Amino acid sequence: MTQNVADRITPVILCGGSGTRLWPLSRQSYPKQFTPLIGSQSLFQYCAQRLSGPQFTPPVIVTASDFRFIATEQLMEAGVDPGPILIEPEGRNTAPAILAAALHVAATDPDAVLLVAPSDHLIEDVLGFNEAIAEGLRVVREEGRIVTFGIAPERPETGYGYLELATAHDGSGVAIPLRRFIEKPDLACAEEMAASERYLWNSGIFLFAARDILAAFKVHAPTLVDPVQAALATAQHDLGFLRLNPAIWAGIEPVSIDYAIMEKAEALSVVPYGGGWSDLGDWQAVMHAHEPDGQGVVCMGDAIPIDCTDSLLRAEGEGMAVVGIGLDRIMVVAMPDAVLVADLDRAQDAKLAVRALGARGLRQSVQFPRDHRPWGHFETLALSERFQVKRIVVKPGGTLSLQSHMHRSEHWVVVSGTAKVMLNGEDRLVPENESIYIPLGASHRLENPGKVPMILIEVQTGAYLGEDDIIRHEDFYDRRKHRAG
């Protein structure tokens, strides 16, 4: 039986972040929530599926402009129909994002109950998590409290914040008043808290009524309310997205929801959750989420350990293989354009690699080797001073912008499917094993009219091959910045 909308929970999924501790797999252009870290789907897809069903309304998605098409495509693949998709012009941390979502929902239903969840967490016991949500919902509705979810510690962990409970939890899953938040501790404190039943890991997942969280913002973070409300009131509708006002949003204070509200609010309870959970914040956490072999080694992809112990080997990408010999507490993550080798105890320092690469101006610091676009994706196979070779995949029905280039010409060879090419106003079908030449300055558009992905090899030649060498004349996806495709 379908639940009444008034009785359902509205998920708010935050997926605009771009962490660096899982480099080289997670990068600014394609962060960890959209990558298949565990299993065949992305963490974002697992989150959306977990928060779907008869007890939930379609989710509110809060993401960055660069990820909006990635998010919608992955939701479609996961079989989840989204509700509103709010676009943050730039990241301002979690408090403004959550406030914008709450204001948007409260405009039509101030009594709505919102479940705020980061999109990059791993939750293994979905049934147990739903039971915890049901207990949280009881507390929200009967007592008008804000609820957070605490994770029973599996080990002394210095990478997580902790929640101190007013009383010890007994494993029943009943909500307990929160005494205080505790920042990431040192090892001695983590060992002490992990051994006590009065402390839980802070999951960063919250449940509350829209009117209650808005009241909390007015009391504890009043300077955020007016500008976020103004950014929402003057937001622009853009191809089904709601783009928050960029000028106003840029002036909003970046602050976390913990610091702005949760550490100050009094009516806050914790629902303990004892199932498997991880924020997969670094490669050691990813390793903990997999079953090791008898020597404590975790292998992913085409990875082969020889006389290795307590190590992580991951090969990412077609044709990539990794062999480790005699490794002990070492992690190796290999991608076609970058390889990370580090002591496992330094897992959280992968961000130092990003800084070092960025200081040298190397694209691997921020750019994923596969560049995703709303019409498909491309990757560079070869790059030299005056030529570049790309593999371009256009999904069925995908259409690139009508564009021209000032500094390069292009040769396209279709290797799978059929391309529809508009060249200087004339349409032409280019089937598999045929090619077409795009002269410098010519207006052109590429489209896949078929029902299967179309693949072509593009050879660019010219004095300048940067992605900003583009004049976009028409664009089905209404992209506002001069980006490829």
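This text gives an overview of the structure that appears in the document. Note that the structure is a prediction, hence the values are computed from the model and not measured.

### Looking at the sheet that holds strand β16 (residues 312-315)
- Read from one edge of the open sheet, four strands run β14-β16-β18-β19, paired in mixed fashion. Of all strands in the sheet, those with a lone pairing partner are β14 (298-300) and β19 (338-343), marking the two edges. The average angle at which neighbouring strand axes cross in this sheet is 5°, direction not considered.
- Summarising the sheet, β14 and β16 pair through three bridges and their orientation is parallel. Within β16, the position partnered with V298 by the bridge is L312.

### As for helix α2 (residues 68-78)
- Turning to α2, its buried residues are R68, F69, I70, A71, Q74, L75 and A78.
- Lining the buried residues of α2 we find α1 (43-50), β2 (60-64), β3 (85-88), β10 (236-238), β11 (241-243) and β20 (370-373).

### Structural notes on the packing of helix α3 (residues 94-106) against helix α6 (residues 210-220)
- Interhelical geometry of α3 versus α6 gives an angle of 130° and a closest axis separation of 9 Å. With respect to α6, the axis of α3 lies oblique. Classified by chirality, the crossing of α6 by α3 is left-handed. Contacts between α3 and α6 involve A95, L99, A102, L103 and A106 from the first element and A210, I213, L214 and F217 from the second.
- Classifying every residue of the contact of α3 with α6 by side-chain character gives nine nonpolar, no polar and no charged.

### Description of the state of the cysteines
- In the structure shown here, the tally under the stated rule is zero disulfides.
- We note that C15 lacks a disulfide partner, and the nearest cysteine sulfur, in C47, lies 8.6 Å from it.
- For C15, a relative accessible area of 1% puts it in the buried group.
- On the basis of relative accessible area, C47 is assigned to the buried category, the value being 1%.

### A look at the pattern of salt bridges
- Enumeration according to the criterion identifies 24 salt bridges in this entry.
- Note that R314 and E316 form a salt bridge whose closest N and O atoms lie 2.9 Å from each other. The pair formed by R314 and E316 is uniform in burial state, with each residue classed as buried.
- Because the salt bridges share partners, they merge into one network encompassing E135, R138, E142 and E143.

### Focus: the nonpolar core
- The biggest cluster of nonpolar side chains holds 93 residues, and the ones touching the most others in it are L37, L115, F149, L207, W283 and L446.
- Considering each element in turn, this core owes the most residues, six residues, to helix α4 (residues 126-143).
- Sequence-distant contacts of L115, defined by excluding residues within four places in its chain, comprise I9, T10, P11, V12, L51, F56, I133, F149, I205, F206 and L207.
- Listed in part, the 51 residues of the second largest apolar core include L165, A231, I252 and M262.

### Examining the environment of E385
- Note on placement: E385 falls in the loop between β21 (376-383) and β22 (387-394).
- Take E385: its relative accessible area is 70%, and that puts it in the exposed class.
- As a C-alpha pair, E385 and L465 span 80 residues in sequence and 8.4 Å in three-dimensional space.
- Ignoring any residue separated from it by four or fewer positions in sequence, one finds E385 in contact with G462 and L465.

About the cut-offs
- Residues numbered from 1 in each chain as written.
- Predicted model: local features only at pLDDT ≥ 70, side-chain atom pairs only at ≥ 80, totals over all residues.
- Heavy atoms only, no water.
- Pairing = 2+ DSSP bridges.
- Helix = DSSP H or I, 4+ residues; strand = E, 2+ residues; numbered from the N terminus.
- Axes fitted to C-alpha atoms, helices over the stretch in contact; angles between N-to-C directions.
- Buried < 20%, exposed > 50% of the residue type's maximum accessible area, 1.4 Å probe, protein only.
- Contact = heavy atoms within 4.5 Å.
- Parallel < 35°, antiparallel > 145°, perpendicular 65-115°, else oblique.
- Left-handed = near helix turned anticlockwise from the far one by under 90°.
- Nonpolar A, V, L, I, M, F, W, Y, C, P; charged D, E, K, R; others polar.
- Disulfide = S-S within 2.5 Å.
- Salt bridge = Lys/Arg side-chain N within 4 Å of Asp/Glu carboxyl O.
- Core = buried A, V, L, I, M, F, W, Y, C linked by side-chain atoms within 4.5 Å.

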